[in-house]
Amino acid sequence: MAHSVKKYRGLMDWITTVDHKKIGILYFAAGGLFFVIGGIEALLIRLQLMFPLGADGESWLLSGQTYNEIMTMHGTTMIFLAAMPLIFGLMNAVVPLQIGARDVAFPFLNSLGFWTFFFGGVLLNISWFTGTVPDIGWTAYAPLSGTEFSGTGSDYYAIGLQIAGIGTLVGGINFLVTIINMRAPGMTFMRMPLFTWTSFITSGIILFAFPALAVGLIYISFDRLFDANFFVTATGGNSVLWEHIFWIFGHPEVYILILPAFGAISEVLPTFARKRLFGYSSMVFATALIGFLSFMVWAHHMFTTGMGDIANALFGVATMLIAIPTGIKVFNWLFTIWGGKIRFTTAMLYATSFIPTFVMGGVTGVMLAIPPADFQFHDSYFVVAHFHYVIVGGIVLSLLAAVFYWWPKMFGRMLNETLGKWSFWLFFSGFHLTFFIQHFLGLWGMPRRVFTYLPNQGWDTANFVSTIGAFFMAAGVIVILINVIISIKGPKAPADPWDGRTLEWSIPSPSPEYNFKQLPLVRGLDAFWLEKMDGKKEMTPAEPLGPIHMPSPSILPFFMSLGLFIAGFGFMYRGYEFDSALINSLFGNDIIAILGLAITFVCMFLRSVYDDHGYHIEVEELQKEG
Amino acid sequence: MSHAEAHLDKLPPEPEKATLEGRNKVLGFWLFLGGETVLFGTLFATFLALRGSVLDGPTGTELFDLKLVAAATFILLTSSLTSVFAVQAMHHKNVKNLMIWLGVTVLLGFGFLVLEIYEFYHYVHEGHGFTTSAFSSSFYALVGFHGAHVALGVLWIGLLIIQLKVKGLNTTTAPKVYVASLYWHFIDVVWVFIFTIVYLMGKVG
Ligand code: HEM
Ligand SMILES: [Cu+2]
């Protein structure tokens, strides 16, 4: 039976969509926007540090307070609102296609995940307009995050991330179930492309890491808004507890980010080297091992906290263990391109440059894992250099490789290769110019998170150089944005522009809303490549042509997230003194908070009570589309 | 044979796993419970770290009344059993019994909540409020989170009974019943740990 379904257009289409490809684009748009915001913040940081002092002997650009705010929002935005969503965008765009599925397991929750992330991010950034910006670093250490030392900005941090975190958790569960239950016939686990594998492991890490952050953030909020005592030493609380909770989440978080990046590299290299991935099963094994070890090493962020020699030694050794599976990966990548017929497209440039850059970040990571050495490096620019090598040199370079690689599939248009190469050289050289010298700044004693420094300590030139590099990177990003804008009118993308190996290249670009007219039959690793080598142009179908069932669009996820957003404000300002008595009583009596939660719960109720029967795309329609 | 019964006969033996949506829901819910385990694990770890910081407030040994808690435990564990009966009734396609057993489960859950609210009320009177000490904050966070889960479960299963009444048992409602019972068991398991770690260990000192 065919149910008629409302189809929306324009803005309503985007707000109500449950199509994973559109949600992927939403993640790209929002994540890209936050990346630009975080990038502008980075430029301001670097501008400020370009010169230690102005002519009058005062700070020349930013006050200490403003610097702390910009630095905090830069880190928080980049991690939670730029890198995470861009990765989720890629997973949405690619994973269902790579496993030969028509959709994700929970289309409705997929949309909910996006909207909670989005509203959490908006809430966090509204702090710029209320003038109470988080200024506690992205790590929000106690007691700095308590009421004694920070204001409403810390509430924006705790509640904004809380809401955004719900979306991440929901997304993680969605991808786990999608990959376990929705694979096409013949797509066994050990035939899954590596990007899917890494997305799978990353989703597992999300599932076990994010709840810890949720609890930690609740504690901060309870301490601040309801006078609880979790991290308040005077009433028996323990501020080191926050460090443990944060890093039990925080270290796995960096692997949540890097594993899909590894996955993307493992797709791009074989395609442009025209060789299969070297050591596929060892890659899978290394990914799983890294996922497991990522939970065992959190205290390497706390060597200087005073945990004692034995704990420090154990966590140091555990950390170094991660270098083994990571090393396996690096050698596998090298052997993949070794002797291949390499085509240096923009995607390939980004992917190959990723390898040495990421290795440099990994090497400084092992250096930091040596506790006595870390006592020297800790909280110095050496650390800033290290994590930007893994984050920008690792995650961002591979994300850019992935963007150039999958863009045709997502948008149906080609990006311009000349502009692409310009962007690569600007970004890549700018990156090393900015961050390489920061290793030395750190070794020369410059501490992290300072807004100024005394001149003539040997740091001036290095800081100047570093800032110049940041402008090269900014130029690279601008060229990418121009490329994106031009591509709207650019050449149409063929189904398989790169001579690809995996299933997503066997269907049109952009893929139709149902992805696969007939589910494909998978005969091995690199499923599409196998068929091409047999002289075929398409996958062999695993089922006859039939009507396809689709989920209906829904506005509920949007309103559920909006409810949480409103409730967030209700809680944040419950103790605040407003001028108007009416507003005071609305917030003070938790009426706003309850109203917001009520919106969310009513939406949940509606979702539970009204079954979604979806609709069918009939065979005639499928045939009409060719 | 009435129309409804004929429809029930066509239902497969395990209706919760009959459709892909159903299987997705069950698997997704298992994974969600994995995340919940970490959530409660963090709450437990915090409680263990802070349980000694009682300051001027009463200690666990002074506060806890094991008789009341044992009664609450008994009620909650029984409700786990009745939720099993509900799922069994579902597999026998006996919608009436299914609704009855779910109803009993809800009632028992509600009884547990009444005891817990009474208990908290009593503690506050004894000078053990949420803001008294790090011990009290972590106590209320852990036990209160569990209580909130029970309250949510009561509302959820209550809503499911109404849905069963209106829509009957089918491949959409069956997975809902099944995951609700998973949720309920999970809450029970958490309570067993709370009983041991908070109350028994607290009584020992
Ligand atoms: C694109 C160019 C970037 C530049 C020029 C840049 C620059 C900086 C600088 C100078 C700091 C040090 C602030 C201080 O310690 O005083 C910083 C901190 C940080 N950056 Fe970046 N960054 C960039 C990109 C990124 C990206 C892409 C990420 C993550 C995905 C990121 C994550 C962080 C984090 C987590 C911090 C620490 C913030 C804190 O101390 O709380 N950065 N960045
Ligand atoms: Cu770490």
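Rules used throughout
- Residues numbered from 1 in each chain as written.
- Chains lettered and ligands numbered in written order.
- Predicted model: local features only at pLDDT ≥ 70, side-chain atom pairs only at ≥ 80, totals over all residues.
- Heavy atoms only, no water.
- UniProt positions renumbered as here; feature names shortened; annotations may be inferred.
- 1 Å grid on protein atoms, 1.4 Å probe; cavity = no way out; pocket = protein on both sides within 12 Å on 5 of 7 lines; lining within 4 Å.
- Points joined across faces, edges and corners; volume = space filled by probe spheres on them.
- Helix = DSSP H or I, 4+ residues; strand = E, 2+ residues; numbered from the N terminus.
- Nonpolar A, V, L, I, M, F, W, Y, C, P; charged D, E, K, R; others polar.
- Core = buried A, V, L, I, M, F, W, Y, C linked by side-chain atoms within 4.5 Å.
- Buried < 20%, exposed > 50% of the residue type's maximum accessible area, 1.4 Å probe, protein only.
- Contact = heavy atoms within 4.5 Å.
- Domains from an automatic or database assignment.
- Buried area = accessible area lost by both parts, 1.4 Å probe.
- Salt bridge = Lys/Arg side-chain N within 4 Å of Asp/Glu carboxyl O.
- Polar contact = N/O pair within 3.5 Å; in protein donor to acceptor, adjacent residues only side chain to side chain.
- Near = heavy atom within 4 Å.
- Donors = N, O, S within 2.8 Å, 3.2 Å for Na, K, Ca; no water.
- Tetrahedral: all angles 85-135°; square planar, octahedral: opposite > 155°, others 65-115°.

- Chain B is annotated in an unreviewed UniProt entry as Cytochrome (Ubi)quinol oxidase subunit III of Chengkuizengella marina.
- UniProt, in its Subcellular location (unreviewed entry) section for chain B, records the words "Cell membrane".
- The annotation that UniProt attaches to chain B under Sequence similarities (unreviewed entry) is "Belongs to the cytochrome c oxidase subunit 3 family."

1. Section: empty space enclosed by the protein
Residue and element names in this part refer to chain A.
Move 1: Inspection of the entire model under this criterion finds four cavities of 30 Å³ or more.
Move 2: By volume, the largest cavity amounts to about 120 Å³.
Move 3: Taken together, 13 residues form the lining of the largest cavity, with S266, E267, P270, L277 and D526 sitting closest to its centre.
Move 4: Looking at which element gives the most residues to the lining of the largest cavity, the answer is helix α7 (residues 239–273), with four residues.
Move 5: For the lining of the largest cavity, the residue count by class is seven nonpolar, three polar and three charged.
Move 6: Roughly 90 Å³ of volume is contained in the second largest cavity.
Move 7: Forming the boundary of the second largest cavity are 13 residues, of which F80, M84, F117, A164 and T168 lie nearest the centre.
Move 8: Among the secondary structure elements, those contributing two or more residues to the lining of the second largest cavity are α3 (64–98), α5 (153–181) and α6 (194–225).
Move 9: With five residues, the single largest contributor to the lining of the second largest cavity is α5.
Move 10: Taken together, the residues of the lining of the second largest cavity sort by class into 10 nonpolar, three polar and no charged.

2. Regarding the nonpolar core
Move 1: Membership of the largest hydrophobic core comes to 224 residues, with the highest contact counts inside it found for F139 and Y199 of chain B.
Move 2: In terms of residue count, the dominant contributor to this core is α7 of chain A (19 residues).
Move 3: Those residues in contact with F139 of chain B, other than ones at most four positions away along the chain, are F47, F64, E119, F120, Y123, H128, G144, V198 and Y199 of chain B.
Move 4: Formed by 13 residues, the second largest nonpolar core is a distinct cluster that contains Y67, M71, Y453 and W459 of chain A.

3. As for the domain arrangement of chain A
Quoted interface sizes are often the accessible area lost when the parts come together.
All names here are of chain A.
Move 1: Domains assigned within chain A are domain 1 (10–544) and domain 2 (555–626).
Move 2: One C-alpha centre belongs to domain 1, the other to domain 2; they are set 28 Å apart.
Move 3: If you look at the interface, domain 1 gives 25 residues, while domain 2 gives 21 residues.
Move 4: Summed over both sides, the interface of domain 1 with domain 2 buries roughly 2,200 Å², with 77% coming from carbon and sulfur.
Move 5: Summed over the shared surface of domain 1 and domain 2, the result is zero salt bridges.
Move 6: Remark: the boundary between domain 1 and domain 2 carries four residue pairs in polar contact (both at pLDDT 80 or more).

4. Notes on the pattern of salt bridges
Residues and elements named next belong to chain A.
Move 1: All told, the structure shown has 16 salt bridges over all chains when counted by the stated rule.
Move 2: As a salt-bridge pair, D13 and K22 come within 3.1 Å of each other at their nearest N and O atoms.
Move 3: A relative accessible area of 25% means that K22 is categorised as partly exposed.
Move 4: The partner of R448 in a salt bridge is D379, with the nearest N and O atoms 3.9 Å apart. Residue R448 is found in the loop between α14 (417–443) and α15 (460–487), and its partner D379 is found in the loop between α12 (371–377) and α13 (381–411); the two are separated by 69 residues along the sequence.

5. Thoughts on the site of ligand 1
Residue and element names in this part refer to chain A.
Move 1: For ligand 1, the set of nearby residues contains 24 residues, the closest of which are Y67, H74, W138, H388 and R449.
Move 2: Between ligand 1 and W138, the relevant distance is 2.8 Å, taken from an oxygen atom to a main-chain nitrogen or oxygen of the residue.
Move 3: Here an oxygen atom of ligand 1 sits 3.1 Å away from a polar atom, N or O, in the side chain of R448.
Move 4: Of all the secondary-structure elements, those providing two or more residues to the shell around ligand 1 are α2 (20–50), α3, α13 and α15.
Move 5: For the shell around ligand 1, the leading source of residues is α3, giving seven residues.
Move 6: Residue classes in the shell around ligand 1 are distributed as 17 nonpolar, four polar and three charged.

6. Thoughts on the coordination of the iron atom of ligand 1
Residue and element names in this part refer to chain A.
Move 1: The coordination sphere of the iron atom of ligand 1, as far as protein atoms go, consists of H74 (NE2) and H388 (NE2), spread over 2.0 to 2.1 Å.
Move 2: With six donor atoms in place around the iron atom of ligand 1 and angles of 87 to 180° between them, the coordination shape is octahedral. One end of the pair, H74, is in helix α3; the other, H388, is in helix α13, and 314 residues separate them in sequence. In terms of burial, H74 and H388 fall into one category: buried.

7. Digging into the coordination of the copper ion (ligand 2)
Residue and element names in this part refer to chain A.
Move 1: Within the protein, the atoms that donate to the copper ion (ligand 2) are H251 (ND1), H300 (NE2) and H301 (NE2), at distances of 1.7 to 2.0 Å.
Move 2: Each donor residue of the copper ion (ligand 2) belongs to the same chain, and together they define the spacing H-x48-H-H.
Move 3: Accessibility expressed as a relative area gives 13% for H300, which makes it buried.
Move 4: Residue H301 is classed as partly exposed on the basis of its relative accessible area, which comes to 23%.

8. Here's the deal with the side chain of S380 of chain A
Residues and elements named next belong to chain A.
Move 1: Structurally, the position occupied by S380 is in the loop between α12 and α13.
Move 2: Residue class for S380 comes out buried when judged on its relative accessible area of 5%.
Move 3: For S380, the side chain forms a polar contact with the main-chain oxygen of F377, separated by 2.7 Å.
Move 4: Ignoring sequence-local partners within four residues, the contact set of S380 consists of G442, M446, P447 and R448.

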